[in-house]
Amino acid sequence: MHTFLRENARWIGAGFLLTFASAFGQTWFIALFAGAIKAEHGLTDGSWGTLYTIATLSAAGLMFWRGSMADTMRLAHLAPLTAGIFALAAIGMAAAQSIWMLGICVFLLRFCGQGMFSHIAMTAMGRWFQARRGQAVALANLGHPAGEIAVPFVAVLAAASLGWRPTWIGVALVLVLAIAPALWALLREERAPRGRHETALRPGLHGREWQRGDAVRHWLLPALLPVLLTPGFIATVAFFHQSHIAAVKGWTLVEMAPAYSAFATTTVVSALAAGWAADRFGPQRLLPVFLLPMGIGIALVYPAEQVTAWYAALGVIGITQGTASALWGVLLPQVYGTRHLGAIRSLATTIMVVSTAIGPGITGVLIDLGIGFPTQSLFMGAWCLALSAACLLISVRLTHELARSWRAMDAEGPA
């Protein structure tokens, strides 16, 4: 691993920086300012959740339309350009005086951060690595938990000392002066798979380089639709409604803050373990088990009385988040090939962004109707358990299909 990381530090570093900087568009970061935003604009939990849902769904639509730019545009140009738009959105958050302006800024934050930055990182890792793709994906994804550990403390400190609006100006400066130049420098030289195991990129199933339309018509992607939706939905609403949970349980946000570190730590460990397991055993074998920790973790919110139970809940949820990051980063190029990976990943990313969009809206309305989040968490836990059983069937069928495809390709030999 040390040698692999040393030889590929440039490219893995670019992926890490992209996922780290995506923090500024993630739900948990925006939620740090939710109290101030709701007070400033006179929003309830339901109305703020609805605005967030509309903005994020719009970001998902744009992600589906423009995500294929990762296939047609040099990443050394695409990533800094996205960073520039990201910075404009942060400035807009600082300046927004109306609901519609707030909605546009949230839309751009979600598109650039959760959408394009993460999408560019995983598309690059999937295209540039083959034999050790799982490890590359896992290492690049470490930027997510690194951001979850480092950014909240700095952001809360800045908001307390400078105010929440100047903090967003600071975010814009970081993106323009540090992130964009670093991305250009790291990405200007792209990596070609090499080595004994990487002399020729395998196409996807049946020796094909699948296009997005082909993937939609294939049985796997529709079968995985609820699986793609679930982790983002649950993790997002758990962070988004922290203020509500604190009020219901009698905790304070300060007391709940260490849960970020628990979440980030388990995400790191599980991502590295899942990356190794995906390379060693095949990513499809992770499908039946990766949602089980999230189901257990979210269900723990219902009976929790002490704030330490919140740490445990987010820590267990983090296992699924880390595993999912490695799983999708390896599974999609393995099944569908790498030639059109950006377009296919943009579809998967769009689905995941949609899940983070509908979550705050649905759960926020339910809270307004008197169904508290702890009660909702029980149903989410049961849903994860049911999906895990369905994933066992998906895993078995996909394993057989992959085995038949590889045997046929090996029998044909080199073209």
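Our subject is the structure that appears above.
Summary of the structure given here. (Residues numbered from 1 in each chain as written. Predicted model: local features only at pLDDT ≥ 70, side-chain atom pairs only at ≥ 80, totals over all residues. Heavy atoms only, no water.)

As a further point, take the overall build of the protein. Across its full length, the protein carries 20 helices and zero strands. The C-alpha radius of gyration computed for the protein amounts to 21 Å, which stays within 12% of the reference 22 Å derived for 415 residues, consistent with globular compactness. Based on the C-alpha atoms only, the size of the protein along its principal axes is roughly 65 × 45 × 40 Å. A total of 415 residues make up the protein; the buried ones form 57% of that total. The contacts of the protein with a sequence gap of at least 6 include a subset with a gap of at least 24, amounting to 86%. Surface accessibility of the protein: about 16,500 Å² in total, with carbon and sulfur atoms responsible for 68%. Measuring between centres, the 26 positive side-chain charges of the protein sit 6 Å from its 17 negative side-chain charges. (Helix = DSSP H or I, 4+ residues; strand = E, 2+ residues; numbered from the N terminus. Rg over C-alpha atoms; globule rule 2.2 N^0.38 Å. Buried < 20%, exposed > 50% of the residue type's maximum accessible area, 1.4 Å probe, protein only. Contact = heavy atoms within 4.5 Å. Areas by Shrake-Rupley, 256 points an atom, 1.4 Å probe, with all protein chains shown as cover. Lys, Arg positive; Asp, Glu negative; His and termini not counted. Charge placed at Lys NZ, Arg CZ, Asp CG, Glu CD.)

This next bit is on a nonpolar patch on the surface. A grouping of L88, I91, I169, L173, V176 and L177 is seen on the molecular surface, where their side chains present a nonpolar patch of about 570 Å² in accessible area. Sorting the residues of the nonpolar patch by element identifies α7 (75-95) and α11 (164-187) as the ones contributing at least two each. For the nonpolar patch, the element with the highest residue contribution is α11, accounting for four residues. With relative accessibility at 49%, the residue L173 sits in the partly exposed group. (Patch = residues over 30% accessible without salt bridge, like charges linked within 9 Å, V, L, I, M, F, W, Y side chains within 5 Å. Salt bridge = Lys/Arg side-chain N within 4 Å of Asp/Glu carboxyl O.)

The final tally for this structure, using the stated rule, is 16 aromatic pairs. Aromatic pair F33 and W168: ring centres 5.1 Å apart, planes at 45°, arrangement tilted. One end of the pair, F33, is in the loop between α3 (27-31) and α4 (34-41); the other, W168, is in helix α11, and 135 residues separate them in sequence. For the residue pair F33 and W168, the accessibility class agrees, reading buried in each case. Seen in terms of ring centroids, F290 and W328 are 5.9 Å apart; in terms of plane orientation they differ by 90°. Their pairing is edge-to-face. Within this pair, whereas F290 is found in the loop between α16 (259-281) and α17 (292-299), its partner W328 is found in helix α18 (residues 307-336), the two being separated by 38 residues in sequence. (Phe/Tyr/Trp six-rings, centres within 6.5 Å; stacked < 30°, edge-to-face > 60°.)

With 30 residues, helix α8 (residues 99-128) should cover 44 Å at 1.5 Å per step; its first-to-last C-alpha distance of 42 Å lies within 8% of that length. The sharpest bend along α8 comes to roughly 30°, located at M116. Burial runs high along α8: 24 of the 30 residues are buried. (Expected span 1.5 Å × (residues − 1). Bend = angle between axes of the 7 residues up to and from the residue.)

So, on to the side chain of T123. Take T123: it is sitting in helix α8. Side-chain polar atoms of T123 contact the backbone oxygen of H119, separated by 2.8 Å. In this view, T123 contacts A70, L341, G342 and R345; residues no more than four positions away in its chain are not counted. (Polar contact = N/O pair within 3.5 Å; in protein donor to acceptor, adjacent residues only side chain to side chain.)

The subject of this paragraph is the packing of helix α2 (residues 9-21) against helix α9 (residues 133-141). At a minimum axis distance of 7 Å, the contact between α2 and α9 shows a crossing angle of 40°. With respect to each other, α2 and α9 are oriented oblique. Together, I12, G15, F16 and T19 of α2 and L139, A140 and N141 of α9 make up the contact between the two elements. (Axes fitted to C-alpha atoms, helices over the stretch in contact; angles between N-to-C directions. Parallel < 35°, antiparallel > 145°, perpendicular 65-115°, else oblique.)

The end-to-end C-alpha distance of α11, which contains 24 residues, comes to 32 Å, matching closely the 34 Å that a straight helix rising 1.5 Å per residue would cover. Considering bend angle alone, the principal kink of α11 is centred on L175 and spans about 35°. Listing the buried residues of α11 in full gives W164, R165, T167, W168, V171, A172, L175, I179, A180, L183 and L187.

Tallied over the full model, the rule gives zero disulfides. Distance from the sulfur of C384, which forms no disulfide, to the nearest cysteine sulfur (C391) is 10.0 Å. (Disulfide = S-S within 2.5 Å.)

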